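Read off the chains here:
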Amino acid sequence: MLEVFKQVEEAYVLLAEIDGKGQIPVGVGVIKAEAGHAWPHIWWFPEATNRKKLELVSRFVVEMRKRYLLLIVCQHEDKPFFNRLSRLGLTRRVGTINGWNEDETVALYQSRIVT
C-alpha cells in the first residue's frame, strides 16, 4: 500500500459518526490526478457499513467533481453500489474495460459534470 501512496497527489481519511464511538476513521481515499481528471480509490475499514460507504462516497464525489472529472474503475462485485450512485445522479457508466489486470473485465464510471 505504501507504493500506492507514492504515486498519488491527494490522500484522505474518511470519517464517520459511529454510535457509542464518536467520529472514527472508516476508510482511506486516494486520488491520482492528471490533465483535469482523477482516478480515485478507497480502502474501507471493517467499521464501514454499507450506508456509511454510500454517504461518504457520495460526499467524496460531490466535492471532488468540482475539481476533477472522476474516472472510477469498478470490479464486478461493486457494480450494484456504483449503479446506486448513478441513480442518485452522481456518476454514470461510460464503458467496459477488458483485460484490466491481465484477465479481468471491469466497468468504468465517471462523475457527472457540475454545471
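Values in this document were obtained by computation on a predicted structure and should not be read as measured data.

What counts and how
- Residues numbered from 1 in each chain as written.
- Predicted model: local features only at pLDDT ≥ 70, side-chain atom pairs only at ≥ 80, totals over all residues.
- Heavy atoms only, no water.
- Helix = DSSP H or I, 4+ residues; strand = E, 2+ residues; numbered from the N terminus.
- Buried < 20%, exposed > 50% of the residue type's maximum accessible area, 1.4 Å probe, protein only.
- Contact = heavy atoms within 4.5 Å.
- Pairing = 2+ DSSP bridges.
- Axes fitted to C-alpha atoms, helices over the stretch in contact; angles between N-to-C directions.

Peer 1: Would you explain the environment of alanine 107 in this entry?
Peer 2: Tracing the backbone shows alanine 107 in strand β6 (residues 104-111). Among the residues examined, alanine 107 registers a relative accessible area of 2% and is labelled buried. When the C-alpha atoms of alanine 107 and valine 57 are compared, they prove to be 17 Å apart, with 50 residues separating the residues in sequence. In this view, alanine 107 contacts Ile72, Val73, Cys74, Lys79, Arg93, Gly95 and Thr96; residues no more than four positions away in its chain are not counted.

Peer 1: What should I look at first to understand the environment of leucine 70 in this one?
Peer 2: Assignment of secondary structure puts leucine 70 in strand β4 (residues 69-74). Leucine 70 gets classed as buried once you look at its relative accessible area, which sits at 0%. Distance in space between the C-alpha atoms of leucine 70 and isoleucine 113 is 9.3 Å, their sequence separation being 43 residues. In this structure leucine 70 touches Ala38, Pro40, Val61, Met64, Arg65, Tyr109, Gln110 and Ser111, once residues within four positions along its chain are discounted.

Peer 1: Can you walk me through unusual backbone geometry in this structure?
Peer 2: A negative phi holds for most residues other than glycine; trans holds for most peptide bonds. Even without being a glycine, alanine 35 presents a positive backbone phi close to 50 degrees. You can see alanine 35 is positioned in the loop between β2 (22-34) and β3 (37-44). Judged by its relative accessible area of 78%, alanine 35 falls in the exposed class. One non-glycine residue with positive phi stands out, namely glutamate 102, at about 80 degrees. Residue placement: glutamate 102 occurs in the loop between β5 (91-100) and β6. By relative accessible area, which is 79% here, glutamate 102 ends up exposed.

Peer 1: Explain the sheet that holds β5 to me, please; I cannot follow it from the model alone.
Peer 2: Within a sheet, neighbouring strands are paired by backbone hydrogen bonds and run either parallel or antiparallel to one another. An order of β1-β2-β3-β4-β6-β5 is seen for the six strands of this open sheet, with the pairing classed as mixed. Every other strand in the sheet has two partners, leaving β1 (10-18) and β5 as the edge strands with one partner each. With strand direction ignored, the average angle separating the axes of adjacent strands in the sheet is 30 degrees. As judged from the four bridges shared by β4 and β6, these two strands associate in the antiparallel manner. Considered in β6, the bridge of leucine 71 is made with glutamine 110. Against the sheet, helix α2 (residues 50-64) touches β1, β2, β3, β4 and β6, its axis set at about 140 degrees to β1.

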